[in-house]
Amino acid sequence: MKQTETIAAIATALSDSGIGIIRISGKEAIPVGDRIYRSKNGCHSLKDYGSHTIHYGFIVDGEEILDEVMVSVMRAPKTYTREDTVEINCHGGILIMRRILEAALANGARLAEPGEFTKRAFLNGRIDLAKAEAVMDLIRSRNDYARKASFSQLEGSVSERIRGIRQEILTELAFIESALDDPEHISTEGYPEKLSAKVDGLIAECRRLIESAENGRLLREGISTVIVGKPNAGKSSFLNFLAGRERAIVTDIAGTTRDALEEAVSLNGISLNVIDTAGIRSTSDLVEQMGVEKAEQYAKEADLLLYMADSSVPLDESDERILKLIRGRKCIALLNKSDLATVLSEEELKEKLPQGVPVVRVSVKENQGLDEFGRVITELFFEGKLGFNEEVVITSMRHKEALMAARDSLLEVKKSLEAGMPEDFFSIDLMSAYASLGEIIGEEVGEDLVNEIFSKFCMGK
């Protein structure tokens, strides 16, 4: 019943702006729009207009004129939802948009649920589930690489790759079923060897896509980055340096930072979620001690640790404590205060660091080292190559889990082949892999999951 109802919502941000859009979709969209629209001379209605046209007029509530507007009329099936759609372009005041929406609701529409327009596009077959999820990823993209990956997925890069793998599996399933049904005419001689090679290729493809998911997550969500170091090493100054503003209080007094400060920054197109923490040292101050414990907890959960070392003072027991913390972790050592007289050399620091941890000399005061810092991050996470190409990148944890399930089913096929099992054993696991991949594009997915996915969308999308 809900799927056949006409829905309406504010499609733009609910804030004062130049333009606001109220979207109406459903079989009664044009009649609902007609009831609140008046043309300039009062002699035209929306039902008179052709599809994909825009018209000047007014929105009214009874006899009251609410706003001067431009109204777009789009007729099914060539619309976002594949339903009749009316979009009212009004002035972007919060009160105006709400009054127009209320008028639409009072004249036959109901308020859309979050993501319901895109959900209808999916249910009506305009887009598959992977493309639908890409819509929200595109809206939320925080850097150009994430935007390009989301747009590529919206254009069908993930869907096409998944459909290609499913088609290969389906071809093998069809052959096995045919051979089982008509063994006199269809021979399976040599088929296990052929299927084994095919499955090897499918497993390799699933693994490649799974491996891309970590980079996809980092591009989409940003790299969780925690700055650690002893007090007065320059951690807060470096946060301000990255943020381009005075985000943290900086003084010459050691232990100024007691709590964690977080700032989202973009560096060379990479999003970093940077957390400045309390200086790590032994202290009798209860509040500072709590800050140190919190710093160590943040460090354990981070994607990247930035160890801030002060080149103007020697290493001490606080540095030794930090060096233990960064073992086995992705870390960049920042040798700060390179503008001052050097007491701690780069070579001495490298001797103390775990093998492979890069050292970057920085001077916040002299605005030095940021370019090198960005280059090292790219090498550390993206093998020095951060550019958009035709490679498909998985950015969704849901997609990754489905690919892992498909890979595991294909590995079971390999076990059956190696054990010399009958062909019908292959079919069971091949079908399981086929179904798992279908979850990505929405061909093997339950209503509850669909509702959960679209509930995370913003209102009006």
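Residues numbered from 1 in each chain as written. Predicted model: local features only at pLDDT ≥ 70, side-chain atom pairs only at ≥ 80, totals over all residues. Heavy atoms only, no water.

**Student:** What am I meant to see in the overall build of the chain here?
**Tutor:** Secondary structure assignment for the chain yields 15 helices and 13 strands. Against the 2.2 N^0.38 benchmark of 23 Å for 461 residues, the chain shows a C-alpha radius of gyration of 29 Å, more extended than a compact globule. For the chain, the C-alpha atoms occupy an extent of roughly 80 × 80 × 40 Å along the three principal directions. Counted over contacts in the chain with a minimum sequence separation of 6, partners at least 24 positions apart contribute 68%. Accessible area for the chain stands at about 22,300 Å²; split by element, carbon and sulfur atoms hold 50% of it. Within the chain, the 77 negative side-chain charges are centred at a point lying 4 Å from the centre of the 57 positive side-chain charges. (Helix = DSSP H or I, 4+ residues; strand = E, 2+ residues; numbered from the N terminus. Rg over C-alpha atoms; globule rule 2.2 N^0.38 Å. Contact = heavy atoms within 4.5 Å. Areas by Shrake-Rupley, 256 points an atom, 1.4 Å probe, with all protein chains shown as cover. Lys, Arg positive; Asp, Glu negative; His and termini not counted. Charge placed at Lys NZ, Arg CZ, Asp CG, Glu CD.)

**Student:** Looking at this structure, I do not really get the sheet that holds strand E5 (residues 64-74). What am I missing?
**Tutor:** Strand pairs in the sheet, formed through backbone hydrogen bonds, run parallel or antiparallel to each other. Pairing within the open sheet is mixed, and its seven strands lie in the order E3-E4-E5-E6-E2-E1-E7. At either margin of the open sheet sits one strand with a lone partner, and together these are strand E3 (37-39) and strand E7 (110-111). Across two bridges, strand E1 (residues 7-10) lies against E7 in parallel orientation. The partner of Ala8 across the bridge, within E7, is Leu111. Helix-sheet contacts for helix H1 (residues 29-36) involve strand E2 (17-25), E3, strand E4 (53-61), E5 and strand E6 (85-92), and the interaxial angle to E3 is about 65°. Contacts from helix H2 (residues 94-106) reach E1, E2, E4, E5, E6 and E7 within the one sheet, and its direction differs from that of E6 by about 150°. (Pairing = 2+ DSSP bridges. Axes fitted to C-alpha atoms, helices over the stretch in contact; angles between N-to-C directions.)

**Student:** Please explain H1 as it appears in this structure.
**Tutor:** At 3.6 residues per turn, the α-helix brings residues three or four places apart onto the same side. Extensive coverage of H1 is indicated by the burial of six of its eight residues. What H1 keeps buried is the set Ala29, Ile30, Val32, Gly33, Asp34 and Ile36. Close packing links the buried residues of H1 with E2, E3, E4, E5, E6 and H2. (Buried < 20%, exposed > 50% of the residue type's maximum accessible area, 1.4 Å probe, protein only.)

**Student:** Would you explain the UniProt feature "binding site: Mg(2+)" (unreviewed entry) in the chain in this entry?
**Tutor:** UniProt feature "binding site: Mg(2+)" (unreviewed entry): in the numbering of this structure it lies at Ser236 and Thr257. You can see Ser236 is positioned in helix H8 (residues 235-243). (UniProt positions renumbered as here; feature names shortened; annotations may be inferred.)

**Student:** I would appreciate a short explanation of the sheet that holds strand E8 (residues 223-229) in the present structure.
**Tutor:** Strand order in this open sheet of six strands is E9-E10-E8-E11-E12-E13, and the pairing throughout is mixed. Only two strands of the sheet have a single partner each, and these edge strands are strand E9 (261-267) and strand E13 (359-361). Strand-to-strand, the axes of this sheet are offset by a mean angle of 25°, without reference to chain direction. Here seven bridges tie E9 to strand E10 (residues 270-276), and the two strands are oriented antiparallel to one another. For Ser266, the partnering residue across the bridge sits in E10 and is Ser271.

**Student:** I would appreciate a short explanation of the nonpolar core in the present structure.
**Tutor:** One recurring pattern in soluble globular proteins: nonpolar side chains tend to sit buried together. With 31 residues, the main nonpolar core has Ile169, Leu403 and Ile440 as its most contacted residues. Those elements that provide at least two residues to this core are helix H6 (157-181), helix H7 (191-221), helix H13 (397-418) and helix H14 (423-441). Here the element with the most residues in this core is H7; it accounts for nine residues. Once residues within four sequence positions are removed from consideration, Ile169 is found in contact with Leu202, Leu430, Ala433, Tyr434 and Leu437. (Core = buried A, V, L, I, M, F, W, Y, C linked by side-chain atoms within 4.5 Å.)

**Student:** Where do I start with the pairing of E1 in this structure?
**Tutor:** Looking along a regular strand, one sees the side chains alternate between the two faces of the sheet. Along E1, one buried face is formed by Ile7 and Ala9 and the opposite face, lined by Ala8 and Ile10, is buried too. Two successive antiparallel strands, E1 and E2, enclose a turn made up of six residues.

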